[in-house]
Every structure is written in structure tokens, then in C-alpha cells.
Amino acid sequence: MPPRKKTPGAAATSGAPAKRKRNPAKSSAADPASARSTAPAADADDVLAKVRELQDALRSGQGADIRPSAGVTATARLAPTGADGAPPTPVKSEGSTATAAKEIVEVSDLPTTRVLESIEAIAVRAAHSVLAGRGLTFSIPSRSSTNQVYVPELDRIVLGDKRGSRSISSVREARKTAITVRVMELISQVLAKGIHITKRDMFYTDVKLFVDQNDSDGVLDDVATMVGCTRSNLNVVASDKGLVVGRISFVEDGDPIDCTRMGVGGKAIPPYIDKITDITSDADFVLLVEKEAAYMRMAEDRFYNKYPCIVITAKGQPDVATRMFLRRIKHELKIPVLALVDSDPYGLKILSVYMTGSKNMSYDSASLTTPDIKWLGLRPSDLDRYDLPEQCRLDMTEHDIKTGKELLNEEFVQNNPAWMKELQIMVKTKKKAEIQALSSFGFQFITEVYLPRKIREGDWV
């Protein structure tokens, strides 16, 4: 059995895995049926040889968690609001010499006490503004699309250093200013109680003021940038979406969780990632799956036992909790991530969100992105390589083609020649295919033939 890897918990950031331990999922000899189901496939060592080379590279430091910041002469992390109520300002850190300096804003992972102090400081500053006759005004980092940039040296989307103001005296901004005050009040209550609530819970506390949940959700992100903390530090989360199954165990708020014993459907990834500690695993890699249907095939076939791995899905567009969970297990366990997405522009866009981040959460991309995910499939070149039947090759719509061409112009795609080649095949042939198209060769073709062959050959980009 491959060695079990252990991380010391939420505070772990680096270091070698702990000593080898037996997988708790492995059953005793008294249960032969279960023993057969958890035994690795006979060809597991052969299939996993190239994956283990990736794993060795990660542990030796050759596979970095982020690209070196060459060319970024002035990066910045948003400092939390000072005790005097001053707005957070970028704190510069030294980079390499370069001709053009790029200044960015990123938030920090802060303890609850620090978040509360920062919110109180913002309130004090607002009160001073009112007493000085300037009215209720907030200074807020701009999250507009023009202030969101991709930095090649970091290989992720980040927030620029532009700022804006929000004032109660402005007719256009009065309601949003009131929402900002209300959201900070609610966050303070939640943090003081030491509990978590969902974004939907927060919306229903003041429906008449918020009107639309998108308004309260947007202000929630604004408050995170004002305070200088991650959104998860505010203890307001989205509902469960992601799923995980396979060779990983952890403690969730004091309860031991073994994801090989959570039934066929696996375990919901909790929105409270900060409550997960003591992560252990004997997996050789993470298999990131776009669609829930493909995930269920892996889960029911116990693919993770044949080829020790952790299978994760966000059921489409990834949520914050799934992105944070993926980054954390890759960083702590130091195992590679292989991705299985549809062969269409949207599959690649979903993969890019995991890798380089989304514009909506650009201020927190450092804690939400997982660099160097390997695109395993389904790739445009696979359609011919595996002789996918014509009836499974769908014609791309004009919108699909437009999206594909737009991706070809994205800097993060242009930085990866192998991705460029695959996208060019897609746009040229004007054909797309879903992961489920592989079922045309048999319902278990994906777990019994396609994935083992891909992994054995190291056929990823």
C-alpha cells in the first residue's frame, strides 16, 4: 500500500509528510468482499509510475505552489485596518528587478479578534467623518473589471490598487452605503458569537434593505477587502456544493471523517474549511472532475481504491469551499492534481478558475487558486485519438466558437503552448464533447480503460 501522508492541521504550510500509517479504510481479512474492493489494481504500480514522478517533484521542491514572482517588483498585500481607523493600505514586498512595477492588492488570513478590531476601526473612522461634517463615507478597494488583472509571474488573477469611495450623501450610493453598514453589523454579531451563517441567512435578516441577494453578496466581498481579510474570515459562507470521496481522512470540528466510508456519494465538502484539521491520506494524486455524473462513476466503481487517489467535484462552476479545499490538500499533502473536464470552452474556463482564479474573487486569489493542475482529459485531441463516434461529437455553437477564440487571447492560455494547441484543434474542428461521451464505449470504459491508460502514459498537459 502506498505510504500514508499526514498534515498537522489548519496551521500547516509546509514540511515532510508524517510517518507511514495503515489506511483506516482497509478492512480486516474477516471481510473478504470489502478487502477485495479496497485492494489496489494489479497494475497500479505500473499505471501510477509517472504520477509518482510528479509527486516526487512536488516534495523535492521542483514543483512550486506558485510561480516565482520574477518581473513583479512591487507586489502588495492588503494590510488590515489600523487601530486608528485608517483604511488598509498596500504593504510592499521586494521582488526581482524589472522594467515595470506592478502593484496588487491581496488580503490576509486573519484571526477573529483581528477582524473584529478592524471592523470597529472602520466604524470609528466613519464616525469621525460624520463628526467632521463630511458625512458617512467609506474608502473601498475597487473590484471593477478594469482593476482585475492577470499577473503571469504569479499565474493568477489579482486585484489592482485602485480605490473608490462610498458615501451616504450620494443619491446613487446611499442605499449601498446603508447595506455596507448593515453587513458589517451582522458580521460583527456572527464573529462575536463564534458561529457561521450562510449568505442566504444574511440576506434574509434584512430583505427590505438588501432587496436582492446579489447586492448583499457583493458588499460582503467589499467588506473583506476593506478589512483586509479573506471572505472565509467573516464566517459567512455559501451552501454546500462540492463533494469528495476516496483516500483521505480528516477531523471536522472534532468529528473524524473517513472519505472511503461515506457511501457511494462521498462526503460534502464543508463550507467551514477552517474547522478541518488532521488531514491524512495515502493517495498518489487528486482527480478533479467537472461533472457530478462522472464523479459518481468514479465513486461507484471505487476507482480511488484501484488507483489510490482523492476524487473531488464542484458539480460545475467551482464554489469557494471546493477551491479552498483543493488548494489546501495539494499544498499540505504535496500530491499532483489531474483534471477531467468536458472538451469545450466552458470546461477549460472552469479549470482556469481553479488554477488562476476568478475575477469576482481576485482579491483572495492567493488562497483560492491551485497552480499547476494537469489537464488530463477530455481534450480535443482525444476525440480522434480514441476514435470517439461522430454522434458523440457535438457541433460548437457560434457562442462556443467565440468563447474559444477569446480563450486563445487570454494571457494565461498563451503562456501554456499545450493548451493553445488543444484549443486551436477545438476551434478549427468546431467540435466539442462531454466526458459522458466516453460511455459510448461502455459505461465503465472511463474507469477501466481511459483513465488508467491516460495516467500510465502521463498523457496530460
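Along each chain, residues carry numbers from 1 onward, in the same order as the chain's sequence is written. Only residues with pLDDT of at least 70 get local features here, since the model is predicted, and only at 80 or more are side-chain atom pairs given and counted; chain-wide, interface and lining totals rely on the full set of residues. To get the side-chain values, take all heavy atoms of the structure and skip hydrogens and water.

Colleague: Please explain empty space enclosed by the protein as it appears in this structure.
Modeller: The rolling of a water-molecule-sized probe over the atoms marks out the regions of remaining empty space. Any residue with an atom within 4 Å of a point lines the site, the site being either a cavity, points on a 1 Å grid over the protein atoms alone where a 1.4 Å probe fits but cannot get out, or a pocket, an open set with protein on both sides within 12 Å along at least 5 of 7 lines. Grid points are joined across faces, edges and corners, and a volume is the space filled by probe spheres set on the points. Enumeration over the complete set of coordinates arrives at 1 cavity of 30 Å³ or more. Forming the boundary of the largest cavity are R231, S232, V236, V237, A238, S239, P271, D319, V320, A321 and M324. Strands here are runs of E lasting at least two residues and helices are runs of H or I lasting at least four, both read from the DSSP assignment and numbered beginning at the N terminus. Counting only elements with at least two residues in the lining of the largest cavity, the list comes to β10 (236-237) and α11 (320-333). Counting residues per element, the lining of the largest cavity draws most heavily on α11, which supplies 3 residues. Basically, the charged four are Asp, Glu, Lys and Arg, the nonpolar ten are Ala, Val, Leu, Ile, Met, Phe, Trp, Tyr, Cys and Pro, and anything else, Gly included, counts as polar. Of the residues contributing to the lining of the largest cavity, the split by class is 7 nonpolar, 2 polar and 2 charged.

Colleague: I'm lost on the nonpolar core in this one. Help?
Modeller: A general trend in soluble globular proteins is that nonpolar side chains are found buried together. Among the nonpolar cores identified, the biggest contains 78 residues, and I310, I312 and F325 are the most heavily contacted of them. A contact between two residues is defined here by any heavy atoms of the two lying within 4.5 Å. The contact partners of I310, leaving out residues within four places of it in the chain, are V244, V245, R247, I248, S281, A283, F285, V286, L287, I329, L333 and I335. In this structure, L54, F285, A299 and L376 belong to the second largest nonpolar core, which totals 37 residues. Nine residue types can take part in a nonpolar core, namely buried Ala, Val, Leu, Ile, Met, Phe, Trp, Tyr and Cys, and a core is a set of them joined through side-chain atoms within 4.5 Å. Residue burial is assigned from relative accessible area. The probe radius is 1.4 Å, only protein chains are included, and a residue is buried under 20% of its type maximum, exposed over 50%, and partly exposed in between.

Colleague: Is there a simple way to explain the sheet that holds strand β14 (residues 267-268) in this structure?
Modeller: Remark on secondary structure: sheet strands pair via backbone hydrogen bonds, oriented parallel or antiparallel. Strand order in the open sheet made by the 6 strands is β14-β11-β17-β16-β18-β19, with mixed pairing throughout. The open sheet has two free edges, formed respectively by β14 and β19 (374-377), since each of these has just one partner strand. Bridging between strand β11 (residues 243-246) and β14 involves 2 bridges; their strand directions are antiparallel. Pairing of L243 across the sheet is with A268, part of β14. Running at roughly 160° to strand β17 (residues 309-313), α11 makes contact with β11, β16 (285-289), β17 and β18 (337-340) of the sheet. Paired strands, in this sense, are two strands between which DSSP finds at least two bridges. Note on geometry: axes are C-alpha line fits, over the in-contact stretch for helices, and angles between N-to-C directions span 0 to 180 degrees.

Colleague: How should I be thinking about the sheet that holds strand β6 (residues 148-151) in this particular structure?
Modeller: Ordered by their spatial adjacency, 3 strands build an open sheet running β4-β7-β6, and the pairing between neighbours is antiparallel. The two strands at the open ends of the sheet, each matched to only one other strand, are β4 (104-105) and β6.

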